[in-house]
Amino acid sequence: MVPTKIPEVEVQPKNKLLASVIVLLIFSMMLNFNLWQKVADQGEAIYNEVIALSTPIAEPETVADPTINQAELACLAKNIYFESANESDLGKIAVAMVVLNRVESQDFPNTICEVVHQPSRNSANKKGCQFSWTCDGKPDNVRSQEKYQAIVALSRDILRSRDTIVDIVDGALYYHAVYVRPSWTKYFEKVARIDTHIFYKNKDTATP
């Protein structure tokens, strides 16, 4: 039997339904906000911990060694840099040993700086010098601080051990690059070739 009257269904007013939706939405947003706030706080804490762990430790200040003359150190380092910056450490030490051997020789000045900046001993070449970089007319600018600082450290080690260091050039007082053939080499004894330099020591009293 079909009812002659459809039962009435209670329908909530639109305004009341909308208000309920808004309340639920706000509540959900508050929950999400608290959740994200906690996540953000945790993330910030982790970030701060990582930063603290990754901050580089400051290196201690370098204290000048009172046993090393700083001017002599600078002269030796510059000579190694301009003569052999691209050589191996062995090549750099070989160049340094020539300077130190000259300091010990009666035929050369008594200090590193005087040896490095000594003019030519050839009376016919009054504008010449012992190490070409000191009189080539070019500015003595250090182009690579990284290389230079490494050479300074090496020079410091050489000077600290100058009384015990092995003379790898066997007393050599002279050297030249492999791409030149100076006439003076016939007066001296060839000792060794290290990297791009050939080293010589006295064979008699002749000088270049």
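Residues numbered from 1 in each chain as written. Predicted model: local features only at pLDDT ≥ 70, side-chain atom pairs only at ≥ 80, totals over all residues. Heavy atoms only, no water.

**A short note on the state of the cysteines**
By definition, a disulfide links the sulfur atoms of two cysteine residues through a covalent bond. The line we're drawing: Cysteine sulfurs are considered disulfide-paired once they come within 2.5 Å of each other. Runs of E in the DSSP output that reach at least two residues are strands. Runs of H or I that reach at least four are helices, and both are numbered from the N terminus. Residue burial is assigned from relative accessible area. The probe radius is 1.4 Å, only protein chains are included, and a residue is buried under 20% of its type maximum, exposed over 50%, and partly exposed in between.
For the structure on display, the rule yields two disulfides. A sulfur-sulfur separation of 2.1 Å characterises the disulfide bridge that pairs Cys-75 with Cys-113. Where Cys-75 bonds to Cys-113 through sulfur, the torsion about that S-S bond is close to 100°, and the disulfide is right-handed. In this pair, Cys-75 is assigned in helix H2 (residues 70-84) and Cys-113 in helix H4 (residues 112-116), connecting sequence segments 38 residues apart. For the residue pair Cys-75 and Cys-113, the accessibility class agrees, reading buried in each case. One disulfide bridge connects Cys-129 with Cys-135, the sulfur atoms lying 1.8 Å from each other. In this structure, the disulfide formed by Cys-129 and Cys-135 twists by about -65° around the S-S bond and is classed as left-handed.

**Examining the side chain of Arg-102**
Put simply, the test is: When charges are counted, Lys and Arg contribute as positive and Asp and Glu as negative, whereas His and the chain ends are disregarded. Whenever Lys or Arg places a side-chain nitrogen within 4 Å of a carboxyl oxygen from Asp or Glu, that contact is recorded as a salt bridge. Here a residue-residue contact requires only that any non-hydrogen atoms of the pair lie within 4.5 Å.
On the secondary structure map, Arg-102 appears in helix H3 (residues 89-104). No salt bridge is formed by the buried Arg-102; the nearest opposite charge belongs to Glu-83, separated by 9.1 Å. Aside from chain neighbours lying at most four places away, what touches Arg-102 is Phe-108, Pro-109, Val-115, Gln-130, Phe-131, Leu-173 and Tyr-174.

**Looking at the sheet that holds strand S1 (residues 174-177)**
Short version of the rule: Only strands that DSSP links by at least two bridges are regarded as paired with each other. Axes, fitted as lines to C-alpha atoms, cover a helix only where it is in contact. Angles between the N-to-C directions of the axes lie from 0 to 180 degrees.
An order of S1-S3-S2 is seen for the three strands of this open sheet, with the pairing classed as antiparallel. Both edges of this open sheet fall to S1 and strand S2 (188-194), since each of them pairs with a single strand only. Strand-to-strand twist of the sheet, defined as the mean angle between neighbouring strand axes without regard to direction, takes the value 25°. With six bridges connecting them, S2 and strand S3 (residues 197-202) associate as antiparallel partners. The partner of Ile-194 across the bridge, within S3, is His-197.

**Let's talk about a nonpolar patch on the surface**
Rule in force here: Candidate patch residues must exceed 30% relative accessible area and have no salt bridge, after which like charges are joined if within 9 Å and Val, Leu, Ile, Met, Phe, Trp or Tyr side chains if within 5 Å. Only the protein chains shown count as cover for residues, with accessible areas throughout obtained via the Shrake-Rupley method and a probe of 1.4 Å.
On the surface, Leu-90, Val-166 and Ile-168 cluster together into a nonpolar patch covering about 260 Å² of accessible area. Here Ile-168 lies in the loop between helix H5 (145-160) and S1. Given a relative accessible area of 30%, Ile-168 falls into the partly exposed group.

**Observations concerning the layout of surface pockets**
Quick note on the threshold: Every definition here rests on a 1 Å grid over the protein atoms only: cavities are sets of points where a 1.4 Å probe fits but cannot get out, pockets are open sets enclosed by protein on both sides within 12 Å along at least five of seven lines, and lining residues have some atom within 4 Å of a point. Grid points are joined across faces, edges and corners, and a volume is the space filled by probe spheres set on the points. In this count, Pro and Cys sit with the nonpolar residues alongside Ala, Val, Leu, Ile, Met, Phe, Trp and Tyr, while Asp, Glu, Lys and Arg are called charged and the others, Gly among them, polar.
Approximately 1,300 Å³ is the volume attributed to the largest pocket. Taken together, 37 residues line the largest pocket, and the ones lying closest to its centre are Phe-82, Glu-83, Phe-131, Ser-132 and Trp-133. The set of elements that each furnish at least two residues to the lining of the largest pocket consists of H2, H3 and S1. Of the residues that constitute the lining of the largest pocket, the class distribution is 16 nonpolar, 13 polar and eight charged.

**Examining the environment of Cys-129**
Along the polypeptide, Cys-129 turns up in the loop between H4 and H5. Note: C-alpha distance between Cys-129 and Gln-118 (11 residues apart in sequence) is 6.1 Å. Setting aside anything within four residues of it in sequence, one finds Cys-129 in contact with Gln-118, Pro-119, Ser-120, Thr-134 and Cys-135.

**So, unusual backbone geometry**
We note that Asp-170 has phi near 55°; this positive angle belongs to a residue other than glycine. Tracing the sequence through the fold places Asp-170 in the loop between H5 and S1. Despite not being glycine, Asp-195 has its phi angle at roughly 55°, a positive value. Following the sequence through the fold, Asp-195 ends up in the loop between S2 and S3.

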